[in-house]
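# Structure at a glance
For reference, the chains in residue letters:
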Amino acid sequence: QVQLVESGGGLVQPGGSLRLSCAASVFIFTSYTMGWYRQAPGKECELVAAIARIGVGTNYADSVKGRFTISRDNSKRTVYLQMNSLKPEDTAVYYCNTWQTCPLTIATTPGWGQGTQVTVSS
């Protein structure tokens, strides 16, 4: 079973930056495309970014393209999300997981970590 621990969130002013990390205890980490997801209260889950198994291919939601960068270190079984030029609308709980269909409510879905809160506010 996948265990995921996200970290690096916090409160940041608009225009600021944060770097999120996700440590995965997946036995064969390199077998999985990984993604960063987010969900704000009352809103649908959104796949923000995804990265292929060996990190060659990446994909981004239009809402973050050009501002966020996903990367991975397979030797550490860790996925990162560098977030620059943050906007108030980026405020959400951020989760990582293997690439999959967004659940209705991440926080109550088995197989997900606790997430890390990102708040963008002045």
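Residues numbered from 1 in each chain as written. Predicted model: local features only at pLDDT ≥ 70, side-chain atom pairs only at ≥ 80, totals over all residues. Heavy atoms only, no water.

Next up on the list: the side chain of Gln39. Tracing the sequence through the fold places Gln39 in strand β4 (residues 34–39). By relative accessible area, which is 12% here, Gln39 ends up buried. In this structure the side chain of Gln39 is engaged in a polar contact, spanning 3.0 Å, whose partner is the backbone oxygen of Lys43. Here the side chain of Gln39 touches Ile106 through a polar contact of 2.9 Å, landing on its backbone nitrogen. Beyond its immediate sequence surroundings of up to four residues, Gln39 is in contact with Glu44, Cys45, Ala92, Val93, Leu104, Thr105 and Ile106. (Helix = DSSP H or I, 4+ residues; strand = E, 2+ residues; numbered from the N terminus. Buried < 20%, exposed > 50% of the residue type's maximum accessible area, 1.4 Å probe, protein only. Polar contact = N/O pair within 3.5 Å; in protein donor to acceptor, adjacent residues only side chain to side chain. Contact = heavy atoms within 4.5 Å.)

On to the packing of aromatic side chains, then. Scanning the entire structure with this criterion turns up two aromatic pairs. Centroid distance Tyr37 to Trp112: 5.0 Å. Interplanar angle 80°. Geometry classified as edge-to-face. Note that Tyr37 is positioned in strand β4 and Trp112 in the loop between β9 (92–98) and β10 (116–120), a separation of 75 residues in sequence. Residue classification places Tyr37 among the buried residues on the basis of a relative accessible area of 0%. Ring centres of Tyr95 and Trp112 lie 6.2 Å apart, and the angle between their planes is 90°; on these two criteria the pair is classed as edge-to-face. Of the two residues, Tyr95 sits in strand β9 while Trp112 sits in the loop between β9 and β10, which places them 17 residues apart along the sequence. (Phe/Tyr/Trp six-rings, centres within 6.5 Å; stacked < 30°, edge-to-face > 60°.)

Turning to the sheet that holds β10, a few remarks are in order. To summarise the sheet geometry, strands pair through backbone hydrogen bonds and adopt either a parallel or an antiparallel arrangement. The strand order across the open sheet formed by six strands is β2-β10-β9-β4-β5-β6, and the pairing between neighbours is mixed. At either end of the open sheet lies a strand with only one pairing partner, and these are β2 (10–12) and β6 (58–60). If you compare each strand with its neighbour and ignore which way they point, the axes differ by 25° on average. Here three bridges tie β9 to β10, and the two strands are oriented antiparallel to one another. (Pairing = 2+ DSSP bridges. Axes fitted to C-alpha atoms, helices over the stretch in contact; angles between N-to-C directions.)

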